[in-house]
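Working through the structure, step by step
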Amino acid sequence: MKKALITGINGQDGSYLAELLLEKGYEVHGILKRNSVAENQTARLDGVFNKINLEYADMLDLASLNRVLEQVKPDEIYNLAAQSHVRISFDQPIYTTQVVAIGTLNILESMKLLCPNSRFYQASSSEMFGNSFDEDGFQRETTPMHPTSPYGCAKVYGYNITRNYRNSYNLFASNGILFNHESPRRGSNFVTNKVAKEAVRIKYGLTDKLLLGNLDATRDWGHAKDYVNCMWLILQQDTPDDFVCSTGISHTVRELCEYVFGKLDLDYKDYVGVDQKYMRPEELTDLKGDSSKARWVLDWTHEYTFETMLDEMVEHWDVIYG
């Protein structure tokens, strides 16, 4: 039985990945950051809580990471822990950078010292590209990286230190450059789930206004369940490498609103407004990924479309508020 360790296991991606690995017969271990309010900390893991092994540790506490890695000796490590909200990274740039950049360095160093034969997955991000894209409008593994947020900058460090440890110490360390991926488990302060949740609340008369940031920003949105499968495939290869994971189709936030509100027989123009506090100091206007390499090398495909992903999210909130 293979053993996997997931940092950030209680997040959206971590919970779906834990379920996938259990289905594949893994012994699953996860790292939790200690929270003084523990009641909802593992809510996303309710379905598998009794099947996984959880340990308290912190990405900035190397001793705690060493303790867990020495105890578990995992075959695979999935580093998903982060302060992952891009807009909030402007408010907390130092903390975001410490967790995302130095946290990645810490767990790589721990792996190098204690379990160098493990396979390591680094959750890299499309935010690393910023407003840089190739002539055809896509972003791929070879596109220059010019991030436009503290989060994106920190992810570039995590991406590069992963490659550096791979080349310097002959570690199996790979990057998955994932574009935006969503689900009903996404935090409701992220735009997709925020729109889905508030549109349903408006439908039932619980509120009458939704304020957002840049409605013309475009993103390449996929479903987290499809993307954690890509993570797993990356670590099943014969050699470590870096892969973009995306749908190749982008939509504006305005189109997102139009679809979700339309699904509920509402006109988004009657309810959606713009608030400057949701604007980024430096905007990232367009993201659209070319995942040809992942499709060819990994034989990866995605089952969800933009529409079926949003349908699932709307249905989730409709059950709660309906």
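As shown above, the structure is provided for reference.
Note that this is a predicted model, so its numbers are computed, not measured. (Residues numbered from 1 in each chain as written. Predicted model: local features only at pLDDT ≥ 70, side-chain atom pairs only at ≥ 80, totals over all residues. Heavy atoms only, no water.)

**Description of the packing of helix α4 (residues 93–114) against helix α5 (residues 150–169)**
Closest axis-to-axis distance for the α4/α5 pair is 8 Å, and the angle between their directions is 15°. Viewed along their axes, α4 and α5 adopt a mutual orientation that is roughly parallel. When the axes of α4 and α5 are compared, the crossing they make is right-handed. Contact with α4, carried on its side by P93, T96, T97, V100, A101, T104, L105, L108, E109 and K112, involves P150, Y151, A154, K155, Y157, G158, I161, T162, Y165 and Y169 of α5 and no other residues of that element. (Axes fitted to C-alpha atoms, helices over the stretch in contact; angles between N-to-C directions. Helix = DSSP H or I, 4+ residues; strand = E, 2+ residues; numbered from the N terminus. Parallel < 35°, antiparallel > 145°, perpendicular 65-115°, else oblique. Left-handed = near helix turned anticlockwise from the far one by under 90°. Contact = heavy atoms within 4.5 Å.)

**Topic: helix α6 (residues 191–203)**
Along its 13 residues, α6 runs 18 Å from first to last C-alpha, staying within 8% of the 18 Å computed at 1.5 Å per residue. Where burial is concerned, most of α6 is hidden: ten out of the 13 residues are buried. Those residues of α6 lying buried are T192, N193, K194, V195, A196, K197, E198, A199, V200 and I202. Contact partners of the buried residues in α6: β7 (181–182), β8 (210–212), α8 (253–263) and α10 (306–321). Downstream of α6 by one or two residues, G205 has phi in the positive range, about 75°. (Expected span 1.5 Å × (residues − 1). Buried < 20%, exposed > 50% of the residue type's maximum accessible area, 1.4 Å probe, protein only.)

**Concerning the sheet that holds strand β4 (residues 76–79)**
Read across the sheet, seven strands follow the order β3-β2-β1-β4-β5-β6-β11 without closing on themselves; strand pairing throughout is parallel. The open sheet is flanked by β3 (53–56) and β11 (242–245), the only strands paired with a single partner. If you compare each strand with its neighbour and ignore which way they point, the axes differ by 20° on average. Note: β4 against strand β5 (residues 119–125), four bridges, orientation parallel. For N79, the partnering residue across the bridge sits in β5 and is Q122. Relative to the sheet, helix α2 (residues 62–72) contacts β1 (3–7), β2 (27–32), β3 and β4, its axis offset from that of β3 by approximately 155°. Across the sheet, α4 touches β1, β4, β5 and β6 (172–178), and the angle it forms with β5 is around 170°. (Pairing = 2+ DSSP bridges.)

**Some remarks on the side chain of S183**
Relative to the assigned elements, S183 resides in the loop between β7 and α6. For S183, a relative accessible area of 0% gives the class buried. In this structure the side chain of S183 is engaged in a polar contact, spanning 2.9 Å, whose partner is the side chain of Q12. Not counting the four nearest positions on each side in its chain, S183 is found in contact with Q12, Y16, N193, H223, A224 and M313. (Polar contact = N/O pair within 3.5 Å; in protein donor to acceptor, adjacent residues only side chain to side chain.)

**Thoughts on the pairing of β5**
The buried fraction of β5 is high, at six of seven residues. The pairing of β5 with β6 spans seven bridges and is classified as parallel. If you follow A123 over to β6, its bridge partner there is G176. A crossover connection joins β5 to the parallel β6 through α5; in handedness this β-α-β unit is right-handed. (Right-handed = clockwise from strand over helix to strand, strands pointing away.)

**Topic: the layout of surface pockets**
The gaps of empty space that remain are located by a probe, the size of a water molecule, rolled over the atoms. Put simply, the second largest pocket is a space of about 220 Å³. Lining the second largest pocket, in full, are Y16, E19, L20, E23, K225, D226, V228, N229, T301, E303 and Y304. Of all the secondary-structure elements, those providing two or more residues to the lining of the second largest pocket are α1 (12–23) and α7 (224–234). Per-class residue counts for the lining of the second largest pocket are four nonpolar, two polar and five charged. (1 Å grid on protein atoms, 1.4 Å probe; cavity = no way out; pocket = protein on both sides within 12 Å on 5 of 7 lines; lining within 4 Å. Points joined across faces, edges and corners; volume = space filled by probe spheres on them. Nonpolar A, V, L, I, M, F, W, Y, C, P; charged D, E, K, R; others polar.)

**Comments concerning the packing of α6 against α10**
Helix-helix packing: each pair is described by the crossing angle between the helix axes and the interaxial distance. At a minimum axis distance of 9 Å, the contact between α6 and α10 shows a crossing angle of 40°. Taken together, the axes of α6 and α10 are oblique relative to one another. For the pair α6 and α10, the crossing hand works out as right-handed. Contacts from T192, N193, A196, K197, V200, R201 and K203 in α6 reach M313, V314, W317, D318 and Y321 in α10. In the contact of α6 with α10, the residues fall into six nonpolar, two polar and four charged.

**Some points on a nonpolar patch on the surface**
Where nonpolar side chains cluster on the molecular surface, the patch consists of L60, Y95, I102 and Y157 and spans about 310 Å² of accessible area. Looking at the element boundaries, I102 is found in helix α4. (Patch = residues over 30% accessible without salt bridge, like charges linked within 9 Å, V, L, I, M, F, W, Y side chains within 5 Å. Areas by Shrake-Rupley, 256 points an atom, 1.4 Å probe, with all protein chains shown as cover. Salt bridge = Lys/Arg side-chain N within 4 Å of Asp/Glu carboxyl O.)

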